[in-house]
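Given next are the chains, with one letter for each unit.
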Amino acid sequence: MSAFPTTRLRRLRRTDSLRALVRETALSLDDVVMPLFACPGEGVVRPVEGLPAIAQRSVDELVREAGALASAGVRAVLLFGIPEEKDDEGSGAWDADGIVQRALRALRAEAPGLTLLTDVCLCEYTDHGHCGVLEGDTVANDETIELLARTAVSHVDAGADAVCPSDMMDGRVGAIREVLPETPIVSYAAKYASAFYGPFREVAESTPAFGDRRGYQMDPANVREALRECALDLDEGADVVMVKPALPYLDVIRTVRERFDCPVWAYQVSGEYAMVRAAVAAGHLEEPRAALETLTAIKRAGAGTIVTYWAGDLARWL
Ligand SMILES: [Zn+2]
């Protein structure tokens, strides 16, 4: 590259259209997935203070919201469920008439164009809030993956287009692949034991009753281990690997993108959304600009698709 004054990088920054012509990263509604939370009842919309996109909705309200998202151009939603009752093994997760299964059937009928992804885990359904069944104080891996596979099958039977195991048990992708040879599996391959899940746990009512999830989720300090997780999940039959959270793990997204040729997704978690919303409420940041900058950063790092609470807003902003 010849030096200044021959080279002047400001030449291409002069106008909006010049900048657009050379822009390296573009956000599109094709690249985002909106998380939705289904809860029992009718006419229920229970938001978390200051976080409008994170609300529990009864199935009728969920259908209304999904319809609005679809007509705004959002293509995919990721479903979570808050059941009527919880028990020690989380049996509500695979109940054919469970909350996610009912939501799936309603959405399949009312919003046929929408792609329906489901989170596959037990933590919203266990009375102790851990992601699997317990053996003493630890989550029993091999017993849990059987129950996760059963849960994934019940989601597909109810209309799910793809399943997304988020539990971080070893071998869960293989267990699901064995019973669902045709279903896309979006694996939360590198899911970290993060401080940024706070608002989600409130809305998903999935805070562990004791201890934490560091015995199965990843240590925030590790990136080589994330590559091993991805390699194992792909070996077991995952179609997509996901990194969660996103913004504090951009280096992980980049490293995974460079190592593997499969689709790489990232989950911009509730704490990332809450952080910006709080700064906006306090007058320190402007919402569309700050939110779009975080989404652009995640995409620039290498995520092809982003699960984000801003998916609905993005439809308005673009
Ligand atoms: Zn879980």
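Remember, predicted model here, so these are calculated numbers, not experimental data. (Residues numbered from 1 in each chain as written. Predicted model: local features only at pLDDT ≥ 70, side-chain atom pairs only at ≥ 80, totals over all residues. Heavy atoms only, no water.)

**Overview of a negative patch on the surface**
- A cluster of acidic side chains, namely Glu-135, Asp-142, Glu-143, Glu-146, Asp-170 and Glu-178, defines a negative patch on the protein surface.
- Broken down by element, the negative patch gets its largest block of residues, 3 residues, from helix α4 (residues 141-158).
- The topology assignment puts Glu-143 in helix α4.
- Residue class for Glu-143 comes out partly exposed when judged on its relative accessible area of 41%. (Patch = residues over 30% accessible without salt bridge, like charges linked within 9 Å, V, L, I, M, F, W, Y side chains within 5 Å. Areas by Shrake-Rupley, 256 points an atom, 1.4 Å probe, with all protein chains shown as cover. Salt bridge = Lys/Arg side-chain N within 4 Å of Asp/Glu carboxyl O. Lys, Arg positive; Asp, Glu negative; His and termini not counted. Charge placed at Lys NZ, Arg CZ, Asp CG, Glu CD. Helix = DSSP H or I, 4+ residues; strand = E, 2+ residues; numbered from the N terminus. Buried < 20%, exposed > 50% of the residue type's maximum accessible area, 1.4 Å probe, protein only.)

**A word on the packing of aromatic side chains**
- In total, this model carries 9 aromatic pairs according to the counting rule given.
- Look at Tyr-267 and Tyr-309: their rings are 6.3 Å apart centre to centre, the planes differ by 55°, and that puts the pair in the tilted class. In this pair, Tyr-267 is assigned in strand β11 (residues 264-267) and Tyr-309 in the loop between β12 (305-307) and α11 (311-317), connecting sequence segments 42 residues apart. The pair formed by Tyr-267 and Tyr-309 is uniform in burial state, with each residue classed as buried.
- Through successive ring pairs, a cluster of aromatic residues spans Phe-37, Phe-80, Tyr-188, Phe-200, Tyr-267, Tyr-273, Tyr-309 and Trp-310.
- Here Lys-244 stacks its cationic end above the ring of Tyr-267, 4.2 Å away from the centre of that ring. (Phe/Tyr/Trp six-rings, centres within 6.5 Å; stacked < 30°, edge-to-face > 60°. Lys NZ or Arg CZ within 6 Å of the ring centre and 35° of its normal.)

**Considering the pattern of salt bridges**
- Counted by the stated rule, this structure contains 15 salt bridges.
- One salt bridge in this structure joins Arg-64 and Glu-61, with 3.2 Å as the shortest N-O distance. With a gap of 3 residues between them, Arg-64 and Glu-61 both fall in helix α2 (residues 59-72), about one helical turn apart.
- Glu-61 gets classed as buried once you look at its relative accessible area, which sits at 14%.
- When the shortest N-O distance is used, the salt bridge between Asp-212 and Arg-214 registers 2.8 Å.
- Given a relative accessible area of 36%, Asp-212 falls into the partly exposed group.
- On the basis of relative accessible area, Arg-214 is assigned to the exposed category, the value being 63%.
- Three or more residues are tied together by salt bridges with common partners; here these are Asp-167, Arg-172 and Asp-233.

**Brief notes about the side chain of Ser-206**
- Relative to the assigned elements, Ser-206 resides in the loop between α6 (198-204) and α7 (224-235).
- Setting aside chain neighbours within four positions, we find Ser-206 in contact with Cys-123, Glu-124, Gly-129, Phe-200, Arg-201 and Arg-213. (Contact = heavy atoms within 4.5 Å.)

**With respect to the nonpolar core**
- Formed by 110 residues in total, the largest nonpolar core has its most connected members in Phe-37, Leu-78, Val-256 and Tyr-267.
- The dominant element in this core, judged by the number of residues it contributes, is strand β1 (residues 32-39), at 7 residues. (Core = buried A, V, L, I, M, F, W, Y, C linked by side-chain atoms within 4.5 Å.)

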